[in-house]
Amino acid sequence: TVRDLGFHINSDVTLTTHVSATVRACFSVLRQIRSVRRSLTRDALIALTRALVISKVDYCCSALAGVSGLQINRLQSVLNAAARLVFAGQKYDHVTPYLRDLHWLKIKERIQFRLCVLAFRCLHGTAPAYLANSLHLVADNDARRCLRSADALTLLVPATRRSTLGDRAFPVAAATAWNTLPSAVRHSPSLSVFCKRLKTTLFSRSFPPE
């Protein structure tokens, strides 16, 4: 395992080491917050949780695209515990109402959010060149330029040989996530508008209407 800028990468690229380190650090902080919870207002508790726990979960989470469901569930357990802490819930309380009230996306949608924001920045020239050069619009492909989809601002998804690794590469994961967005989201005029529309879209996927 190597550690670069606080992100752990193990030799089989399952990222179990990074997930384990993140989960361990987050629960350590949650225990400390729990000890002073009664001295804090709910707004202060939410702010503290976001700053010290949610920030750790979100750090480099775009690199977690395609990790196993087990690792996703481990990270989700951190969000669940944080939500129960904010609302003083019990261990086995149903956590969905808490997450919905806090307007927190679930882990899968948080990863997709980061990927799509990076894709938006790549398409609008505000991302590093090594990322921007790896994404290509369907409209830029001569063979597909005349297709109706060429005007939809969709990205080409490169072919891969191994789904376990190739599908997790940024050009594939980002293009796949981007193409699932509604056209109105992809055609947002600015990053702030895009983030707002994206959050609304992903939130409805995390918590579909009953």
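Please refer to the structure higher up on the page.
Thresholds, definitions, all that
Residues numbered from 1 in each chain as written. Predicted model: local features only at pLDDT ≥ 70, side-chain atom pairs only at ≥ 80, totals over all residues. Heavy atoms only, no water. Helix = DSSP H or I, 4+ residues; strand = E, 2+ residues; numbered from the N terminus. Buried < 20%, exposed > 50% of the residue type's maximum accessible area, 1.4 Å probe, protein only. Areas by Shrake-Rupley, 256 points an atom, 1.4 Å probe, with all protein chains shown as cover. Phe/Tyr/Trp six-rings, centres within 6.5 Å; stacked < 30°, edge-to-face > 60°. Expected span 1.5 Å × (residues − 1). Salt bridge = Lys/Arg side-chain N within 4 Å of Asp/Glu carboxyl O. Contact = heavy atoms within 4.5 Å. Axes fitted to C-alpha atoms, helices over the stretch in contact; angles between N-to-C directions. Parallel < 35°, antiparallel > 145°, perpendicular 65-115°, else oblique. Nonpolar A, V, L, I, M, F, W, Y, C, P; charged D, E, K, R; others polar. Bend = angle between axes of the 7 residues up to and from the residue. Patch = residues over 30% accessible without salt bridge, like charges linked within 9 Å, V, L, I, M, F, W, Y side chains within 5 Å.

Draft legend 1. Main features of the overall build of the protein chain. From N to C terminus, the protein chain includes nine helices and two strands. The dimensions of the protein chain, computed from C-alpha atoms along their principal axes, are 60 × 40 × 30 Å. In the protein chain, which comprises 210 residues, the share counted as buried stands at 41%. Entry remark: accessible area of the protein chain is about 11900 Å², with carbon and sulfur atoms responsible for 55%.

Draft legend 2. A look at the packing of aromatic side chains. On inspection of all chains with the given rule, the structure shows five aromatic pairs. Centre to centre, the rings of Phe 87 and Tyr 98 are 5.0 Å apart; their planes meet at 15 degrees, and the pair counts as stacked. Of this pair, Phe 87 sits in the loop between helix H3 (69–86) and helix H4 (96–102) while Tyr 98 sits in helix H4, placing them eleven residues apart in sequence. Measuring from centroid to centroid gives 4.5 Å for Phe 120 and Phe 194, while their planes differ by 20 degrees, and the two rings are stacked. Of the two residues, Phe 120 sits in helix H5 (residues 107–123) while Phe 194 sits in helix H9 (residues 191–206), which places them 74 residues apart along the sequence. Both residues of the pair, Phe 120 and Phe 194, belong to the buried class. Aromatic ring contacts, followed pair by pair, group Phe 120, Trp 178 and Phe 194 into a single cluster.

Draft legend 3. Region of the structure containing H3. End to end, H3 covers 26 Å across 18 residues, agreeing with the expected 26 Å (1.5 Å per residue, within 8%). Phi turns positive one or two residues past the end of H3, at Ala 88, with a value near 55 degrees.

Draft legend 4. Spotlight on the pattern of salt bridges. Enumeration according to the criterion identifies two salt bridges in this entry. In this structure, the salt-bridge partner of Asp 58 is Arg 114, at a minimum N-O distance of 3.5 Å. Of this pair, Asp 58 sits in helix H2 (residues 42–58) while Arg 114 sits in helix H5, placing them 56 residues apart in sequence. One network of salt bridges, with partners in common, ties together Asp 58, Arg 110 and Arg 114.

Draft legend 5. View of unusual backbone geometry. Its identity is not glycine, yet Leu 5 carries a phi of approximately 55 degrees, on the positive side. In this structure, Leu 5 sits in the loop between strand E1 (2–4) and strand E2 (7–9). Although it is not a glycine, Val 13 sits at a positive phi angle of roughly 60 degrees. Structurally, Val 13 is set in the loop between E2 and helix H1 (16–35).

Draft legend 6. How the structure looks around the environment of Val 2. The residue Val 2 is located in strand E1 in this model. When the C-alpha positions of Val 2 and Lys 56 are compared, they lie 18 Å apart, and in sequence the two are 54 residues distant. If we ignore the near neighbours within four places in the chain, the residues touching Val 2 are Phe 7, His 8 and Ile 9.

Draft legend 7. Representation of the packing of H3 against H5 in the model. At their nearest, the axes of H3 and H5 sit 9 Å apart, and the two run at 100 degrees to each other. By the angle class used here, H3 and H5 are roughly perpendicular. From H3, Ile 72, Leu 75, Gln 76 and Leu 79 reach across to H5, where they touch Ile 107, Lys 108, Arg 110 and Ile 111. Among the residues making up the contact of H3 with H5, the classes are represented as five nonpolar, one polar and two charged.

Draft legend 8. Representation of H2. Of all the bends found along H2, the most pronounced is centred on Arg 50 and spans about 40 degrees. Leu 45, Ile 46, Thr 49, Val 53, Ile 54, Val 57 and Asp 58 are the residues of H2 that are buried. Structurally, H2 contributes buried residues whose contacts are with H1, H3, H4 and H5. One or two positions beyond H2, positive phi appears at Cys 60, with a value near 55 degrees.

Draft legend 9. Molecular detail of a nonpolar patch on the surface. The grouping of Val 2, Ile 9, Val 13 and Leu 165 at the surface amounts to a nonpolar patch, some 290 Å² of accessible area in total. Tracing the backbone shows Leu 165 in the loop between helix H6 (129–132) and helix H7 (170–179). The exposure class of Leu 165 is partly exposed, given its relative accessible area of 37%.

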